[in-house]
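What follows is each chain in one-letter form.
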Amino acid sequence: MSQLRRAASRRIRSRRRRIASGGSSLDVRMMRRAIELAAAAAEQGEVPVGAVVYRGEEILGEAANDREATGDPTGHAEIVALRRASSRGVGWRLSECSMAVTLEPCAMCAGALVNARLARLVYGADDPKAGACRSLYEIPCDTRLNHRMQVVHGVDAARCRKLLRRFFRRRRAERAAAAKVVCFDLGGVLVRICNSWHEGCLAAGLKARAIDSSSAAKAQRELIGAAHQSGAMSDPEFFTALARSLGRGWTVAQARRVHEAWILGEYDGVAGLLDELKRAGVATACLSNTNEPHWKQMERELPMLANLRHRHASHLLKSIKPDPDIYAAFERAVGCRADSVIFFDDLSENVAAAQARGWDAHRIDPTSCTVTQIRSVLESRRVLGSTSAGKCQSA
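Before going into details, it helps to say that this report is about the structure given with it. (Residues numbered from 1 in each chain as written. Predicted model: local features only at pLDDT ≥ 70, side-chain atom pairs only at ≥ 80, totals over all residues. Heavy atoms only, no water.)

Some remarks on the sheet that holds strand 7 (residues 181–184)
Within a sheet, adjacent strands bond to each other through the backbone by hydrogen bonds, running parallel or antiparallel. Pairing in this open sheet of five strands is parallel, and the strands run 11-10-7-12-13 from one edge to the other. Of all the strands in the sheet, just strand 11 (310–313) and strand 13 (360–363) have a single pairing partner and so form its edges. Averaged over all neighbouring strand pairs, the angle between strand axes comes to 20°, with direction disregarded. Looking at chain direction, strand 10 (residues 283–288) and strand 11 are connected through four bridges and run parallel. Note that in strand 11 the partner of Leu 287 across the bridge is His 312. The sheet strands contacting helix 16 (residues 370–380) are strand 7, strand 12 (341–345) and strand 13, and the helix crosses strand 12 at an angle near 160°. (Pairing = 2+ DSSP bridges. Helix = DSSP H or I, 4+ residues; strand = E, 2+ residues; numbered from the N terminus. Axes fitted to C-alpha atoms, helices over the stretch in contact; angles between N-to-C directions. Contact = heavy atoms within 4.5 Å.)

This is the structure we're talking about:
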């Protein structure tokens, strides 16, 4: 037993001599290069790990993780860097070389380093979950293997850890955001529209004059508007009925002209907000009470509409808000759950119906900056980070 204990003690002392902290100025320079490679990989969606194989001052091979780009499960920075170094004509034996890598190698990579006969391994951050050089195993220093190398750990470890933490924090936020569907009404939320028939006349270049304001006429206009928005009434039928409800002196052509001038353009900051959501990988949608002519006009004149991943309107779903059926139809069309929808509308009754369905619904005041209101909610829900991008210029 004493002989076994002495042998085990010698193995432990041998490993301790080979695992050291710190590193030379050359090691630090090579680690800085590995960090640059890792940072570039993070921008491409790869786990930020970079590796550099060097012999003295000469860099023989360098790489970052590329598993996502190549679909190769062995696409770790260490493996790719070894391949590139060997392709330089030095062969597979790298016994005069060192490697600087930002994260403690895993079992696969540590085994590859042993098989490459590497002289030294220099790494930055420990990997308590998968590290095979000091944390979970000590493969590069295992005396049972036919090759051992010196291991230097903790070189520029703070920078390496910061890079990894920032990447995984961002990825968790993106996954959380991707689980949400941010849905907008159009008119009064993303799109400026006329708020009265008088305003519509001015937008159409017509002289404003009185319309029939009786209760019966108002009810008639609401009825035919709802029928048109749900696709139950054709355009010619709608404009004929609308002109009749406006009172004497109004022609079908004039009613159509005011209707065509109703869309005034998008609100300030909308395009920037939708671009930001798209870059963050957030699923966006619209659910609008609108008719086919206005829908086609917005698709033609408002490029920001193309940035909405899911585009749904009342005339397409054959139902109008606040009917509960339209919210259920939206969920089926998008393939989402009620509790995953964040919804913005300018009408209280539509918001209340959406909330009854289980949506996270919010009323937007169209008389104030709509984008600022939307951003406030999305930031509180951690869908977007706090930034000035996408806000109204006046905000």
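Notes on the pattern of salt bridges
As enumerated under the stated definition, the model contains 19 salt bridges in all. Between Arg 33 and Glu 36 there is a salt bridge, with the nearest N and O atoms lying 3.0 Å from each other. Taken as a pair, Arg 33 and Glu 36 lie in helix 2 (residues 25–43) at a separation of three residues, close to a single helical turn. With a shortest N-O distance of 2.9 Å, Arg 357 and Glu 331 are connected by a salt bridge. Placement of Arg 357 in helix 15 (residues 348–357) and of Glu 331 in helix 14 (residues 324–334) is noted, with a sequence separation of 26 residues between them. Using a relative accessible area of 38% as the deciding quantity, one classes Arg 357 as partly exposed. Overall, Glu 331 belongs to the buried group, its relative accessible area being 9%. One continuous salt-bridge network, built from bridges that share partners, spans Arg 32, Asp 156 and Arg 159. (Salt bridge = Lys/Arg side-chain N within 4 Å of Asp/Glu carboxyl O. Buried < 20%, exposed > 50% of the residue type's maximum accessible area, 1.4 Å probe, protein only.)

Examining the pairing of strand 2 (residues 50–55)
In terms of burial, strand 2 is a largely internal element, five of the six residues being buried. Bridge analysis of strand 2 against strand 3 (residues 58–64) gives six bridges, and the strand direction is antiparallel. Looking at strand 3, one finds that Gly 50 is bridged to Ala 64. Taking the residues that link successive antiparallel strands as the turn, the strand 2-strand 3 hairpin has two residues, and the phi of Gly 56 there is positive, at about 65°. Here strand 2 pairs with strand 4 (residues 98–103) via four bridges, running antiparallel. In the strand pairing of strand 4, Tyr 54 is matched with Ser 98.

Focus on the packing of aromatic side chains
According to the stated counting rule, one finds nine aromatic pairs in the structure shown. Ring plane angle 40° and centroid distance 6.1 Å describe the contact between Trp 197 and Trp 262, whose orientation is recorded as tilted. Here Trp 262 lies in the loop between helix 10 (252–260) and strand 9 (263–266) and Trp 197 lies in helix 7 (residues 197–204), a separation of 65 residues in the sequence. Per residue, the accessibility class of Trp 197 equals that of Trp 262, and both read buried. In textbook terms, an aromatic cluster arises when at least three aromatic residues are bridged by ring pairs, as seen for Tyr 327, Phe 330, Phe 343 and Trp 359. Its end group placed over the ring of Trp 250, Arg 209 keeps NZ or CZ at 4.0 Å from the ring centre. (Phe/Tyr/Trp six-rings, centres within 6.5 Å; stacked < 30°, edge-to-face > 60°. Lys NZ or Arg CZ within 6 Å of the ring centre and 35° of its normal.)

Here's the deal with the nonpolar core
By size, the foremost hydrophobic cluster in this structure holds 54 residues, and its most contacted members are Met 31, Val 53, Leu 82, Leu 94, Met 99 and Leu 121. Excluding residues within four positions of it along the chain, Met 99 makes contact with Ala 51, Val 52, Val 53, Tyr 54, Glu 78, Ala 81, Leu 82, Leu 113, Leu 118, Arg 120, Leu 121 and Val 122. Among the nonpolar cores identified, the runner-up in size contains 31 residues, and Val 189, Tyr 267, Ile 364 and Cys 369 belong to it. (Core = buried A, V, L, I, M, F, W, Y, C linked by side-chain atoms within 4.5 Å.)

Concerning helix 10
Where helix 10 is concerned, the buried positions are Ala 255, Val 258 and His 259. Buried residues of helix 10, viewed axially, fall in a sector of 105°; they line one side. Contacts from the buried residues of helix 10 go to helix 7, helix 8 (215–229), helix 9 (235–246) and helix 12 (292–301). (Arc of directions from axis to C-beta.)

A look at the environment of Phe 168
Inspection of the secondary structure assignment puts Phe 168 in helix 6 (residues 157–178). Separated by 126 residues in sequence, Phe 168 and Ala 42 place their C-alpha atoms 9.7 Å apart.

A look at the packing of helix 9 against helix 10
Between two packed helices, both the angle of their axes relative to each other and the distance between the axes serve to describe the pair. Look at helix 9 against helix 10: their axes get within 8 Å of each other, and the N-to-C directions meet at 100°. As judged from the angle between their axes, helix 9 and helix 10 are roughly perpendicular. In this structure, helix 9 contributes Phe 238, Phe 239, Thr 240, Leu 242, Ala 243 and Leu 246 to the contact, and helix 10 contributes Val 252, Ala 255, Arg 256 and His 259. For the contact of helix 9 with helix 10, the residue count by class is seven nonpolar, two polar and one charged. (Parallel < 35°, antiparallel > 145°, perpendicular 65-115°, else oblique. Nonpolar A, V, L, I, M, F, W, Y, C, P; charged D, E, K, R; others polar.)

Observations concerning the pairing of strand 7
Where a strand is regular, its side chains alternate between the two sheet faces. Across the two faces of strand 7 the burial is the same, with Val 181 and Cys 183 and Val 182 and Phe 184 all buried. One ladder, built from four bridges, connects strand 7 with strand 10; its direction is parallel. Within the sheet, the bridge partner assigned to Cys 183 lies in strand 10 and is Ala 285. As paired strands, strand 7 and strand 12 are joined by four bridges and run parallel to one another. By the bridge assignment, Phe 184 is partnered in strand 12 with Phe 344.

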